[in-house]
Amino acid sequence: MADSFELEIATPDRLLVKERVREAQIPAAKGYIGVLPEHSPFLELLGIGELTYDAGGRRASLAVAGGFVEVLPDRVRVLAERAERAEEIDVERARRALERAEERLKNPLEGKVDIARALNAMRRAEARLQASGRG
Amino acid sequence: MPSLIDLRRRIRSVRNTQQITRAMKMVSTARLRRAQDRVLQARPYARSLRELAENAAAAASASERLARHPLLVRRPEERIQLILITSDRGLAGAFNANLIKAAQAFLQEHSGARVEMELIGRKGRDFFRKRGAAITGEHIGLANRARYDDIVPLADKMLRRYAAKEIDAVYLLYNEFKSMLAQRLEVRRVLPIELREAASPVEYITERPPEELLDTLLPQYVKITLHHALLESTAAEHAARMTAMDAATTNAEELIDKLTLHLNRVRQASITREIIEVVSGATGLE
């Protein structure tokens, strides 16, 4: 049995990760899934959150939001609408976004759209902070 | 016969132009490299998404209900949306002229339907605005960055209009990057979506009903199609400009050679004439 699988993480603009990994934690739409090699085929929408994986002892982390996860026995593809590596994340900006979103949730302007949007913004900011290791 | 001063001035002017065309060629070369890099970077996502969509299409064709998904079903094309991607700047050889010609041919061909245009790029905008075509939107400066986020609002607009039955089909007309020397005109139907079905579809475990996946996959596929076209068009534009500027630089070189030869002849002739004058003057004195 293989002890690793290929993990590919891409956004429409660029390819972020393509390497052999032993294990990955992926935020799917209905909660985190842990993936080990030889997983059965699985297809799900991607949620908002922190994606981590183990590449030969090194733990790497990304913030992802929206898209698809396709799991095959020897390969996992994450098609994210947005994705940033931990070291690329602008922590200050994420913090400000989080504050703004919380502010808006406390005093919602009008309509459900606004609340949904603020919630999403908050979850994206939280994912960024978490992935950057300063949540 | 032009005077020496005129010729010198002419040569200087051609040389100045040549310097500009050479600089533009170098700028285009750098931009082309960047544009090609972006095309390569965008490819993994696009390829994976297409595979997922083809897989879903295979699943859809097995079920009558899924095959009736509104984004997959053709209807009589009475109102057509044409998205034309031209460049913002000129001096790119026949890049825009070919596109505009093809767009006019498209209008002619679909003269039975009502065609509305969404124009990306200043060149196409200027042309069709002047001719009073039905225009639903204009996008200038979009191709410069060609970021995915920039194309999303346009794709959403197309999906909304299609869903509201304001339009029955969306076509895309653009130049695809083929090689340094050649672009290929592409006319592609974006909506309704045309998908090959995967030959051996993967059976996934999923708690999600397939129609829900289709509802997310298909609009995403439309966005990626537009994004890809924009990236290709940008690469093709820089390649076309590079080729055009290279040709212009070579032509300027030839012109300078010709003029220099002419200048030398004229100069030689005037020197000869002066000598003759001096000699004949001296002879007259004897």
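Cut-offs applied
- Residues numbered from 1 in each chain as written.
- Chains lettered and ligands numbered in written order.
- Predicted model: local features only at pLDDT ≥ 70, side-chain atom pairs only at ≥ 80, totals over all residues.
- Heavy atoms only, no water.
- Helix = DSSP H or I, 4+ residues; strand = E, 2+ residues; numbered from the N terminus.
- Rg over C-alpha atoms; globule rule 2.2 N^0.38 Å.
- Contact = heavy atoms within 4.5 Å.
- Lys, Arg positive; Asp, Glu negative; His and termini not counted.
- Charge placed at Lys NZ, Arg CZ, Asp CG, Glu CD.
- Domains from an automatic or database assignment.
- Salt bridge = Lys/Arg side-chain N within 4 Å of Asp/Glu carboxyl O.
- Buried < 20%, exposed > 50% of the residue type's maximum accessible area, 1.4 Å probe, protein only.
- Buried area = accessible area lost by both parts, 1.4 Å probe.
- Polar contact = N/O pair within 3.5 Å; in protein donor to acceptor, adjacent residues only side chain to side chain.
- Nonpolar A, V, L, I, M, F, W, Y, C, P; charged D, E, K, R; others polar.
- Core = buried A, V, L, I, M, F, W, Y, C linked by side-chain atoms within 4.5 Å.

Caption draft 1: The overall build of chain A, seen in detail. When its secondary structure is counted, chain A shows two helices and eight strands. N-terminal to C-terminal, the α/β element order of chain A is β-β-β-β-β-β-β-β-α-α. A compact globule built from 135 residues should have a C-alpha radius of gyration of about 14 Å, and chain A, at 16 Å, falls within 12% of that. Taking the principal axes of the C-alpha coordinates as reference, chain A spans close to 55 × 25 × 25 Å. Contacts in chain A between residues at least 24 apart in sequence constitute 52% of all its contacts with a sequence separation of at least 6. Of the side chains in chain A, 23 bear a positive and 24 a negative charge, and the two mean positions are spaced by 3 Å.

Caption draft 2: The arrangement of the domain arrangement of chain A in detail. Residue and element names in this part refer to chain A. Annotation of chain A at the domain level lists domain 1 (5-86) and domain 2 (89-132). Put simply, the middle of domain 1 and the middle of domain 2, counted by C-alpha atoms, are 23 Å apart. Counting from both sides, the interface comprises eleven residues of domain 1 and, opposite them, nine residues of domain 2. Note that Arg128 and Glu84 form a salt bridge whose closest N and O atoms lie 2.9 Å from each other.

Caption draft 3: Looking closely at the environment of Glu51(B). Along the polypeptide, Glu51(B) turns up in helix H1 (residues 4-62). Among the residues examined, Glu51(B) registers a relative accessible area of 32% and is labelled partly exposed. The spatial distance from the C-alpha of Glu51(B) to the C-alpha of Leu7(B) is 64 Å, given a sequence separation of 44 residues. Those residues in contact with Glu51(B) that sit more than four places away from it in its chain are Arg75(A) and Arg77(A).

Caption draft 4: Up close: the interface of chain A and chain B. In this complex, chain A contributes 25 residues to the contact, which on the side of chain B involves 25 residues. Between chain A and chain B, the buried area comes to about 2300 Å², and carbon and sulfur atoms account for 60% of it. Where chain A meets chain B, there are three salt bridges. Taking the shortest distance from any N to any O, the salt bridge between Arg77(A) and Glu51(B) comes out at 3.0 Å. Between chain A and chain B we count six residue pairs in polar contact (both at pLDDT 80 or more) in total. With six residues, strand E8 (residues 75-85) of chain A is the largest single contributor of residues to the side of chain A that touches chain B. A breakdown of the residues in the side of chain A that touches chain B according to their chemical character gives 13 nonpolar, two polar and ten charged.

Caption draft 5: Focus on the nonpolar core. If you look at the biggest cluster of nonpolar residues, it comprises 53 residues, and the most contacted ones within it are Leu49(B), Leu172(B), Leu191(B), Leu226(B) and Leu230(B). Looking at which element gives the most residues to this core, the answer is helix H7 (residues 210-285) of chain B, with 14 residues. Setting aside chain neighbours within four positions, we find Leu172(B) in contact with Ile83(B), Ile85(B), Glu186(B), Val187(B), Arg188(B), Val190(B), Thr225(B), Leu226(B) and Ala229(B). If you look at the next biggest cluster of nonpolar residues, it comprises 25 residues, including Phe5(A), Ile33(A), Leu46(A) and Val64(A).

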